[in-house]
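This is what each chain is made of:
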Amino acid sequence: MSDPVSIPAPSAPSDFIRDIVRDDLASGRHQRVVTRFPPEPNGYLHIGHAKSICLNFGIALENQGVCHLRMDDTNPTKEDVEYVDSIIADVRWLIEGWADGILGLKPKGMGPEAAPDEVDFRLSATATHLGQPMEPFYASDYFDALYGFARQLIRLGRAYVCDLTPEETEQYRGSPDRPGRNSPYRNRTVEENLALFEKMKEGRFPDSACTLRARIDMESPNIWMRDPVIYRIRHADHHHTGNRWCIYPMYDFAHCLSDYIEGITHSICTLEFEVHRPLYDWILESLQLPRSLPHQFEFARLNLGYTVMSKRKLLQLVQGGLVSGWDDPRLPTISGLRRRGVPASALRAFAHEIGVTKYNGLTDLSVFEFAVRRELNRVAVRRMGVLRPLRLVLTNIAEGEVHWFDAVNNPEDPSAGTRKIPFSRHIFIEQEDFQENPPPKYFRLRPGGDVRLKYACIIRCDEVIKNDVGEVVEIRCTADLESHSGGANAARKVKGTIHWVSAGHSIAATVRLYDRLFTVAEPDKEEGDFRQYLNPESLQELEAQLEPSLAEAVGETRFQLERIGYFVRDSRETDSNRPVFNRTITLKDGWAKESARPG
RNA sequence: UGCCCGAUGGUGUAACGGUAGCACAGCAGACUCUGGAUCUGUUUGUCAUGGUUCAAAUCCAUGUCGGGCAGCCA
């Protein structure tokens, strides 16, 4: 069976950022587009990052450019290689078969080059190193270059070493409606600053003893222009540079210059960085750099209903044991969604569907669910399985008698072919497909009523057998074998068709049903701790009976259990004799809507 | 009561001074050996008030509402 490729002929995406890129290319401002996806390796990627990945890689792809994967790793105390590895895996999975060709990596170990007498460092993704081991870009690979840029800023009189404590720095900064005050260390000489900065680098000072600050304007209405800290002292090992450094650049200093070093043309980030843009531009312009400068553009991050998106909150769920890990199928992490069975193509289709704007809204979960169902409907093979089995005996079929019927593998894709499924005297049907006293418009099995067993034949309910406490434990029916496909009564019409499995042939399996993680659409906007709104029924585990073909290793193949939903084999629990399947998503349920109707 | 950004049906978006369109959701129906899929029809919208203009969702002003910014986090 074929792998998901892409959504059918999607219209070319269009948004305000793509408009800008198009205009920049048309005007000759840039010859080639270079974007970047710059996660900090301090957590796992989630569906919000997927939106950003689709934007950055999409723009590069549409314009024959390249998109660098860069670890934005300037804070050694929060970052870890575990996260680096997961990020690489998640990005590769998301873009596979779509944008792999423009994924910008660099030869392992390569750093930026600088001309001897020039303050200019550069490093670009290149296809000429094919065959060499490749790795993502790392902001931490630029620490030498960044140190050089910082010295240049000092020489230009635009940065100084400040001895204020963290508390004093905060006080001097003022507040949004009150201007800040100049640091007493603001007017140190260039020589003094150079010497002090050197000492910072050499480790002569403890953490937080001093900082390097940009010399801008303590009275600026924009707080980020009030002499922001651009280097701090941290005697900590870094996941990528080890113990080589004890001073680390801040985001604002590192990011714009990393973009410059890599030749990024369009640096796309989320709205909260909007107020940082003047600083981004100030640093680059102050340095009097020879090459053309990157520009920052901001878009609204994704908010999805009934989940949380912040790395901090996801971390709390993981560390608190409230979920099974970063790849818990209920989480909106890319690894969680992958384990849940969501195809990468569905994530891409979703990103395309929601668009890119500067409006901070809340995307309805149904938009995401629709994208998932649309992809799965196209590619998933159909199988039968009973989640909550109810015994049913066909009294006119002999013990040991077995009929093999043809079943269509995918009505949306004739090339998927058919398979044979066994049918016998003892079968299981879904408990909810029988009702002794059914409500109006109930089309399934009832006493004296008939129903079609999908791919098999029509049966009539003759007898209901109950246990001591009045529960239905078995249904006894007669089968009209002539009503199977090709039979004399094949054209017989009945209202309902239900799924089933042959009890002597079916396999037992554990099935995990997932529901939304939270009971409210915006957990982080409710009163109190967001964790109190966790949905206690977000995971339900059932012992199901599945048709025999599902005993074979199905790997990552997604399949639909007819009338129930889409499933995938759990990628972690593969050792046990009993397979574990995850329900990716339910089928749209028209009956649930009908039966919920008042009256 | 500082600065920045935003506002189009229930939700997400398009319209780039000239017919307010699309998707999801909803509703109604057709079809169906998945109450799935598919198909048809359909309800609902330019935050407010002024101004510019032959013409404003679009430009301007004011207001309202929402978001962001005071880490030696990113």
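Residues numbered from 1 in each chain as written. Chains lettered and ligands numbered in written order. Predicted model: local features only at pLDDT ≥ 70, side-chain atom pairs only at ≥ 80, totals over all residues. Heavy atoms only, no water.

### Remarks on the environment of Leu365
To be explicit about the condition: Every helix listed is a DSSP run of H or I at least four residues long, and every strand listed is a run of E at least two residues long, numbered separately from the N terminus. Burial status follows relative accessibility: with a 1.4 Å probe on protein chains alone, a residue under 20% of its type maximum counts as buried, one over 50% as exposed, and anything between as partly exposed.
The topology assignment puts Leu365 in helix α12 (residues 365-379). Judged by its relative accessible area of 14%, Leu365 is buried.

### So, the pairing of strand β14 (residues 295-299)
Put simply, the test is: One bridge is not enough; two strands pair if DSSP finds at least two bridges between them. Orienting the strands away from the viewer, one traces the path from the first strand over the helix to the second; a clockwise path indicates a right-handed crossover.
The element β14 is largely enclosed, with a buried count of four among its five residues. Two elements, strand β13 (residues 266-270) and β14, share five bridges in a ladder whose sense is parallel. Directly across from Ile268, in β14, lies its bridge partner Phe297. On the question of chirality, the crossover connecting β13 to the parallel β14 by way of helix α8 (residues 277-286) is right-handed.

### Some points on empty space enclosed by the protein
Inclusion rule: Think of a 1 Å grid over the protein atoms and nothing else: a 1.4 Å probe that fits but is trapped marks a cavity, an open set flanked by protein within 12 Å on at least five of seven lines marks a pocket, and residues with an atom within 4 Å of a point count as lining. Grid points are joined across faces, edges and corners, and a volume is the space filled by probe spheres set on the points. Note on residue classes: Ala, Val, Leu, Ile, Met, Phe, Trp, Tyr, Cys and Pro are nonpolar, Asp, Glu, Lys and Arg are charged, and everything else, Gly too, is polar.
Across all of its chains, the model carries one cavity of 30 Å³ or more by this definition. Lining of the largest cavity is provided by Met384, Ile421, Pro422, Trp500, Val501, Ser502, Glu547 and Pro548. Of all the secondary structure elements, the ones that give two or more residues to the lining of the largest cavity are β19 (418-424) and β25 (500-502). Sorting elements by how many residues they give to the lining of the largest cavity places β25 first, with three residues. Its residues assigned to classes, the lining of the largest cavity shows six nonpolar, one polar and one charged.

### Quick word on the pattern of salt bridges
This is how it is decided: A side-chain nitrogen of Lys or Arg and a carboxyl oxygen of Asp or Glu constitute a salt bridge if their distance falls within 4 Å.
Applying the stated criterion across every chain, the model contains 43 salt bridges. For Glu262, the salt bridge goes to Arg70, with nearest N and O atoms at 3.1 Å. Remark: Arg70 occurs in strand β2 (residues 66-71) and Glu262 occurs in helix α7 (residues 251-262); sequence separation between them is 192 residues. Each member of the pair Glu262 and Arg70 is classed as buried. Between Asp570 and Arg339 there is a salt bridge whose closest N-O contact spans 2.9 Å.

### Considering the protein's contact with RNA strand B
The condition that has to hold: Consider each residue's heavy atoms; a residue with any of them within 4 Å of a molecule or strand counts as near. Within 3.5 Å is the distance limit for a polar contact, defined as a pair of N or O atoms, with the added protein rule that one can donate a hydrogen and the other accept it, and that residues adjacent in sequence qualify only through two side-chain atoms.
What surrounds RNA strand B is a group of 72 residues, the closest being Thr74, Arg382, Phe443, Gln560 and Arg563. A breakdown of the atoms of RNA strand B within 4 Å of the protein gives sugar and phosphate a share of 66%. At 2.7 Å, a side-chain N or O of Arg563 approaches a phosphate oxygen of RNA strand B. Contributing elements (two or more residues each) for the surface near RNA strand B: α5 (166-173), β11 (229-233), α11 (344-354), α12 and α13 (590-596). Looking at side-chain class alone, the surface near RNA strand B contains 24 nonpolar, 21 polar and 27 charged residues.

### Regarding the confidence of the model for chain A
Heads up, the condition is: Looking at any residue, its pLDDT shows the predictor's confidence there, from 0 to 100. We call two residues in contact when some of their heavy atoms are within 4.5 Å.
Chain-level pLDDT for chain A is 94 on average; 96% of the residues reach the 70-or-more range. Across residues 1-9, confidence stays below pLDDT 50; counting only partners more than four residues off in sequence or on other chains, it has 18 contacts. The complex model carries a pTM of 0.95, and its ipTM stands at 0.97.

### Structural notes on the packing of aromatic side chains
Aromatic rings considered in pairs are described by the distance between their centres and by the relative angle of their planes. Stated precisely, the cut-off is as follows: Think of it this way: a Phe, Tyr or Trp ring, Trp meaning its six-membered ring, pairs with another when their centres are within 6.5 Å, and the plane angle makes it stacked under 30 degrees, edge-to-face over 60, tilted otherwise. Here, a charge over a ring means that NZ of Lys or CZ of Arg falls within 6 Å of the ring centre while also lying within 35 degrees of the ring normal.
If you walk through the whole model with that rule in mind, you get 17 aromatic pairs. Taken together, a centroid distance of 5.0 Å and an interplanar angle of 10° make the contact between Tyr44 and Trp326 stacked. One end of the pair, Tyr44, is in the loop between β1 (34-37) and α2 (47-62); the other, Trp326, is in the loop between α9 (311-319) and α10 (334-340), with 282 residues separating them in the sequence. Here Tyr44 falls in the buried class, since its relative accessible area comes to 13%. Classification of Trp326 as buried rests on a relative accessible area of 8%. Seen in terms of ring centroids, Tyr442 and Trp591 are 5.8 Å apart; in terms of plane orientation they differ by 70°. Their pairing is edge-to-face. You can see Tyr442 sitting in the loop between β20 (426-430) and β21 (450-453) and its partner Trp591 sitting in helix α13, a full 149 residues away along the chain. Ring pairing ties together the aromatic residues Phe143, Tyr147, Phe197, Tyr231, Trp245, Tyr248 and Phe253, which thus form one cluster. Of note, Arg291 hangs over the ring of Tyr260, and the distance from its end group to the ring centre comes to 4.3 Å. Lying over the aromatic face of Tyr306, Arg516 brings its terminal NZ or CZ to 3.9 Å of the ring centre.

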